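Each chain is listed here by its residues.
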Amino acid sequence: IGDVPRNRIARLYPDGSLDTNFNPNANSFIASIVLQPEGKILIGGCFTTIGGVSRNHIARLNPDGTLDTAFNPDAESLVASIVLQPDGKILLGGSFATVAGLNRRGIARLNADGSVDTGFDPGTGASDDVLAVGLQPDGKILLGGAFTSVGNASRPYLVRLEPAGSPDNSFIGTTGPDALVRSIAVLSDG
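Residues numbered from 1 in each chain as written. Predicted model: local features only at pLDDT ≥ 70, side-chain atom pairs only at ≥ 80, totals over all residues. Heavy atoms only, no water.

### Describing the sheet that holds strand 1 (residues 30–35)
Spatially, 3 strands are ordered 1-2-5 in an open sheet, and the strand pairing comes out antiparallel. Two strands in the sheet have a free side with no partner beyond their single neighbour: strand 1 and strand 5 (58–61). In this sheet, adjacent strand axes meet at a mean angle of 20° when their direction is disregarded. Sheet topology note: the strand 1/strand 2 (residues 41–45) ladder contains 5 bridges and is antiparallel. Pairing of Val 34 across the sheet is with Leu 42, part of strand 2. (Pairing = 2+ DSSP bridges. Helix = DSSP H or I, 4+ residues; strand = E, 2+ residues; numbered from the N terminus. Axes fitted to C-alpha atoms, helices over the stretch in contact; angles between N-to-C directions.)

And the structure:
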């Protein structure tokens, strides 16, 4: 960035100049970044180290860019999408089969401390990658991706989950996407 080496993540000032004090140093690409209210930064991607410290596909940075060493959920593969819930819980979508050693195929929810929220049960999970996660104002969760089913329910490429993780059976369109969904934006009216 501006001829200064930065590995896959950097922070810029409002004028576009590089914040030279912020250098997390990821060893592979970052697919999602979410700013938490207290200024900490959640990152997900394909990386396995941050600043030389092992972190598999998800990490939390302190506001200065250093690794928050207390947060280590350990996703088994790519974390493509991160959404922060109003209660501080963290939704993850990706290519992973496990998070913290627990079966969570493509979708997981973490508690604020990084532990897996075992009250969120997506059943068997997604049949393929979850590339996008959206949170509706009512707490329901939208997923988009390459999957054709979620939790044993046939839902090609787009599904809405109840807040506890099961498929919302009231959200089944007669015509839906005919190919993978990479991004979801939820409007203010839901």
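### Here's the deal with the environment of Leu 180
Note on placement: Leu 180 falls in the segment after strand 15 (158–161). When the C-alpha atoms of Leu 180 and Gly 16 are compared, they prove to be 34 Å apart, with 164 residues separating the residues in sequence. When neighbours within four sequence positions are excluded, Leu 180 is seen to be in contact with Leu 131, Gly 145, Ala 146 and Tyr 157. (Contact = heavy atoms within 4.5 Å.)

### Side note on the nonpolar core
Among the nonpolar cores identified, the biggest contains 14 residues, and Ile 58, Ile 82, Leu 92 and Leu 110 are the most heavily contacted of them. In this structure, Leu 92 is in contact with Ile 58, Val 79, Ser 81, Ile 82, Gly 106, Ile 107, Ala 108, Leu 110 and Val 133, ignoring residues within four places of it in sequence. Within the second largest apolar cluster, 13 residues are counted, among which are Val 130, Val 133, Ile 141 and Phe 147. (Core = buried A, V, L, I, M, F, W, Y, C linked by side-chain atoms within 4.5 Å. Buried < 20%, exposed > 50% of the residue type's maximum accessible area, 1.4 Å probe, protein only.)

### Notes on the sheet that holds strand 7 (residues 90–94)
Strand order in the open sheet made by the 3 strands is 6-7-10, with antiparallel pairing throughout. Every interior strand has two partners, whereas the edge strands, strand 6 (79–84) and strand 10 (107–110), have only one. Across the sheet, the mean angle from the axis of one strand to that of its neighbour is 20°, orientation sign disregarded. Strand direction decides the pairing type here: strand 6 and strand 7, joined by 5 bridges, are antiparallel. Among the inter-strand pairings, Val 79 is bridged to a residue of strand 7, identified as Gly 94.

### Considering the pairing of strand 2
Two faces make up the sheet, and in a regular strand the side chains alternate between them. In terms of burial, strand 2 is a largely internal element, 5 of the 5 residues being buried. With burial as the criterion, each face of strand 2 is covered, one bearing Ile 41, Ile 43 and Gly 45 and the other bearing Leu 42 and Gly 44. Counting the residues that bridge the hairpin from strand 1 to strand 2 gives 5 residues, and of these Gly 39 lies at a positive phi of roughly 100°. With 4 bridges connecting them, strand 2 and strand 5 associate as antiparallel partners. Looking across to strand 5, one finds that Ile 43 is bridged to Ala 59.

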